[in-house]
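The primary structure of each chain is shown beneath.
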Amino acid sequence: MTFTDYIKKMLTGQMVKSSHSADHNAAQMPARSDGAQKPVGPTLLAIDTASTSLSTAVLVNGEVKGELFENMERGQAEHLLPFIMKSLQEAALDFADIDGIAVTVGPGAFTGMRIGLSTARGLGLARKIPVLGVSSLEAVAYGVSERDHQGRNILVALDSKRNEIFAQAFDARKNPISPPECLGPRQALMLAPPGPTILVGDATARLLTAAANGGGDFFAGTAPGLPRAGNVALIAAQRWAKGENLPPVPLYLRAPDAKRMDELAAEKQAKLRNMDPDGE
């Protein structure tokens, strides 16, 4: 089957489980007393394109399968569907096996967020399955190991490609204790409560520089600096039964660059009109 045929069948819900997929699922499902097999939690496809990377994974019976990650500032739109196909193949699943789709909603790159969200929505609509939003900041915080934070608070800092950074503070149980914000490094440090705090994310170096100049009990963490699809899936699965997932809409913390350019152009035209009200 060609990739084009695969995508067409995937979108129309015509994928039929192969015997290999069925054998895999049977081996993974725990047996019930009546002899039937019962899956543990939802089977989720997870997608992240909200940053400068591309990541996909599948969650099967509470276990991350087929996780792929690659640093990728450009070309996410062209590579996302092949990544999805490979993750499903490595998990020995068809798209018909998926119960829902988890996708990062940002904050992050505007183009990247649109790519991931539009793909997730399209696939979810085709299969009539839920699409679950997960914050990029939350996904990075989830990657902090118990050995790393040792009961300390967590401050996630993601690069916005501007002077500001995207930041949010979490407690030792990885529960958010501040809203996600776009602000300068020194202001971001103030989101953390008093006490030892682990800094994670691809903008950690900027926070460490600010902390060195301003003091504070901050430590660099070892968690991945960008979201991983496996963590996105695990977060979504934990909230599946509670219905607490974020809606699949972009989490914008600053105006799009295109809008800023439009505003600048409008301001320039207004200034010109004020200087020459007759338009001459």
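Residues numbered from 1 in each chain as written. Predicted model: local features only at pLDDT ≥ 70, side-chain atom pairs only at ≥ 80, totals over all residues. Heavy atoms only, no water.

Undergrad: Would you mind showing me how to read the overall build of the chain here?
TA: In terms of regular secondary structure, the chain is built from 10 helices and 10 strands. Residues classed as buried in the chain amount to 45% of the 280 residues present. Relative to all contacts within the chain whose residues are 6 or more apart in sequence, the contacts with residues 24 or more apart total 63%. About 14,100 Å² of surface is accessible on the chain, with carbon and sulfur atoms providing 52% of the total. (Helix = DSSP H or I, 4+ residues; strand = E, 2+ residues; numbered from the N terminus. Buried < 20%, exposed > 50% of the residue type's maximum accessible area, 1.4 Å probe, protein only. Contact = heavy atoms within 4.5 Å. Areas by Shrake-Rupley, 256 points an atom, 1.4 Å probe, with all protein chains shown as cover.)

Undergrad: Please clarify how the sheet that holds strand S4 (residues 100–104) should be interpreted in this entry.
TA: As a general point, the strands of a sheet are linked pairwise by backbone hydrogen bonds and lie either parallel or antiparallel. Read across the open sheet, the 5 strands follow the order S3-S2-S1-S4-S5; overall the sheet is mixed. Each edge of the open sheet carries a strand with a single partner, namely strand S3 (63–71) and strand S5 (131–134). Mean inter-strand twist for the sheet, computed between neighbouring axes without regard to direction, equals 15 degrees. For strand S2 (residues 53–60) and S3, the ladder comprises 7 bridges, and the chain directions are antiparallel. The residue of S3 that forms the bridge with Ser-55 is Phe-69. (Pairing = 2+ DSSP bridges. Axes fitted to C-alpha atoms, helices over the stretch in contact; angles between N-to-C directions.)

Undergrad: I would appreciate a short explanation of unusual backbone geometry in the present structure.
TA: Trans is the prevailing form of peptide bonds, just as negative phi is the prevailing case for residues other than glycine. Residue Pro-107 is reached from Gly-106 by a cis peptide bond, and omega for that bond is 5 degrees. For Pro-107, the position within the fold is in the loop between S4 and helix H4 (110–127). With a phi angle near 60 degrees, Lys-128 is a residue other than glycine that sits in the positive phi range. As for its position among the elements, Lys-128 is in the loop between H4 and S5.

Undergrad: Please clarify how the sheet that holds strand S8 (residues 181–183) should be interpreted in this entry.
TA: With respect to topology, 5 strands assemble into an open sheet ordered S8-S7-S6-S9-S10, the strand pairing being mixed. What marks the edges here is a single partner per strand, and that holds for S8 and strand S10 (218–220). Recorded for the sheet is a direction-independent mean angle of 30 degrees between the axes of neighbouring strands. Alignment of strand S6 (residues 153–159) against strand S7 (residues 165–170), held across 6 bridges, turns out to be antiparallel. Bridge assignment links Ile-154 to a residue of S7, and that residue is Phe-170.

Undergrad: How should I be thinking about the pattern of salt bridges in this particular structure?
TA: Between side chains of opposite charge, pairing is possible as soon as their charged atoms come close. Scanning all chains against the criterion turns up 3 salt bridges. Across the salt bridge formed by Glu-63 and Lys-65, the nearest N and O atoms sit 3.5 Å from each other. Take Glu-63: its relative accessible area is 38%, and that puts it in the partly exposed class. Accessibility expressed as a relative area gives 16% for Lys-65, which makes it buried. (Salt bridge = Lys/Arg side-chain N within 4 Å of Asp/Glu carboxyl O.)

Undergrad: Teacher, can you tell me more about helix H9 (residues 229–240) here?
TA: Between its terminal C-alpha atoms H9 stretches 16 Å, which fits the 16 Å expected from 12 residues at 1.5 Å a residue. Considered for burial, the residues of H9 that qualify are Ala-229, Gly-230, Asn-231, Val-232, Ala-233, Ile-235, Ala-236 and Arg-239. Against the buried residues of H9 lie strand S1 (44–48), S2, S3, S4, S5 and helix H5 (136–142). (Expected span 1.5 Å × (residues − 1).)

Undergrad: Would you mind going over the environment of Gly-62 with me for this structure?
TA: Looking at the element boundaries, Gly-62 is found in the loop between S2 and S3. Residues Gly-62 and Pro-42, spaced 20 residues apart in sequence, show a C-alpha to C-alpha distance of 7.9 Å. In contact with Gly-62, other than residues within four places in its own chain, are Val-40 and Leu-234.

Undergrad: Teacher, can you tell me more about the environment of Leu-207 here?
TA: Relative to the elements of secondary structure, Leu-207 occurs in helix H8 (residues 204–214). With relative accessibility at 0%, the residue Leu-207 sits in the buried group. Counting along the chain gives 19 residues from Leu-207 to Ala-188, while the straight-line C-alpha distance between them is 7.8 Å. In this structure Leu-207 touches Leu-155, Ala-157, Ile-165, Pro-185, Ala-188, Leu-189 and Leu-199, once residues within four positions along its chain are discounted.

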